[in-house]
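# Fold and geometry: a report
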Amino acid sequence: MMTIVVERSYLPNGTNGALYIDNHFVCYTIELPWMQNQPRNSCIPEGSYPIKKRVSSKFGQHFLITNVPNRSLILIHPANHAKTELQGCIAPVTKLTGEGRGELSRQAFTNLKKRVNKELDRENEVVLIIKNQQHDNS
């Protein structure tokens, strides 16, 4: 089983995160701000979610985040601006440029896709764990 962890920072205009696979940093993520899990307007709640492959004409091959409470069609796909390009989905980015904004999303997504597909193609389970970023106050 592969575990993907996204550690989030909640900001007024977007949610920024860092994505790790097996405790190794892979890329950053951008999402909409937390708006009480409102469909198409909010990032999804923290939790653990199975990931599946999905294909659409709009995004080609991407990933579906399953079992999200009161939500459907939550995807992981390329985007560089959460407020204009995402409707509750998660976008990997190479570099963060602001709240819910990043750069080189396609590059980050291609790297992530290779790693995740390798597991899914072997019929291994892939789980996404979303949590709040822990701050060390020592």
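Structure: above.
Below you will find a few notes about this structure. (Residues numbered from 1 in each chain as written. Predicted model: local features only at pLDDT ≥ 70, side-chain atom pairs only at ≥ 80, totals over all residues. Heavy atoms only, no water.)

### Structural notes on the pattern of salt bridges
Enumeration according to the criterion identifies four salt bridges in this entry. For Arg-8, the salt bridge is made with Glu-31, and the minimal N-O distance between the two is 2.7 Å. In this pair, Arg-8 is assigned in strand E1 (residues 2-11) and Glu-31 in strand E3 (residues 24-31), connecting sequence segments 23 residues apart. On the basis of relative accessible area, Glu-31 is assigned to the buried category, the value being 0%. Lys-95 is the partner of Glu-103 in a salt bridge, and the nearest nitrogen-oxygen pair spans 3.8 Å. For Glu-103, a relative accessible area of 35% translates into the label partly exposed. Relative accessible area serves as the criterion here: at 46%, Lys-95 is assigned to the partly exposed category. (Salt bridge = Lys/Arg side-chain N within 4 Å of Asp/Glu carboxyl O. Helix = DSSP H or I, 4+ residues; strand = E, 2+ residues; numbered from the N terminus. Buried < 20%, exposed > 50% of the residue type's maximum accessible area, 1.4 Å probe, protein only.)

### Notes on the pairing of E3
Pairing of strand E2 (residues 14-21) with E3 involves seven bridges; the strand directions are antiparallel. The partner of Leu-19 across the bridge, within E3, is Cys-27. Here E2 hands over to E3 after two residues, with Asp-22 in that stretch at a positive phi of 50 degrees. As paired elements, E3 and strand E7 (residues 91-93) share three bridges and run antiparallel to each other. By the bridge assignment for E7, Thr-29 is matched with Pro-92. (Pairing = 2+ DSSP bridges.)

### Things to note about the side chain of Asn-16
By the secondary structure assignment, Asn-16 is in strand E2. Beyond its immediate chain neighbours, meaning those up to four positions away, Asn-16 contacts Glu-7, Arg-8, Ser-9, Leu-11, Thr-29, Ile-30, Leu-96, Gly-98, Glu-99, Gly-100 and Arg-101. (Contact = heavy atoms within 4.5 Å.)

### Description of unusual backbone geometry
Within the chain, Asn-37 stands out as a residue other than glycine whose phi angle is a positive 65 degrees. As for its position among the elements, Asn-37 is in the loop between E3 and strand E4 (47-56). The phi dihedral of Glu-123 falls on the positive side, at around 65 degrees, and the residue is not glycine. Note on Glu-123: relative accessible area 74%, which makes it exposed.

### Quick notes on the nonpolar core
If you look at the biggest cluster of nonpolar residues, it comprises 24 residues, and the most contacted ones within it are Ile-4, Leu-19, Ile-65, Ile-76, Val-116 and Leu-128. When residues of this core are traced back to their parent elements, those giving at least two are E1, E2, E3, E4, strand E5 (60-65), strand E6 (74-76), helix H2 (105-121) and strand E10 (126-132). Of all the elements, H2 adds the most residues to this core, at five residues. Here Ile-4 is in contact with Leu-19, Tyr-20, Ile-21, Val-116, Val-126, Val-127, Leu-128 and Ile-129, once residues within four sequence places are set aside. Grouped together as the second largest cluster of nonpolar side chains are nine residues, Ile-30, Leu-75, Ala-91 and Val-93 included. (Core = buried A, V, L, I, M, F, W, Y, C linked by side-chain atoms within 4.5 Å.)

### Points about the environment of Val-55
Tracing the backbone through its elements, the reader meets Val-55 in strand E4. Owing to a relative accessible area of 64%, Val-55 belongs among the exposed residues under this scheme. Along the primary structure Val-55 and Asn-80 are separated by 25 residues, whereas in three dimensions their C-alpha atoms are 20 Å apart. Beyond its immediate sequence surroundings of up to four residues, Val-55 is in contact with Gly-60, Gln-61 and His-62.

### As for the state of the cysteines
Taken as a whole, this structure holds zero disulfides when the rule is applied. For Cys-43, which is in no disulfide, the shortest distance to another cysteine sulfur is to Cys-89 and amounts to 12 Å. Take Cys-89: its relative accessible area is 6%, and that puts it in the buried class. (Disulfide = S-S within 2.5 Å.)

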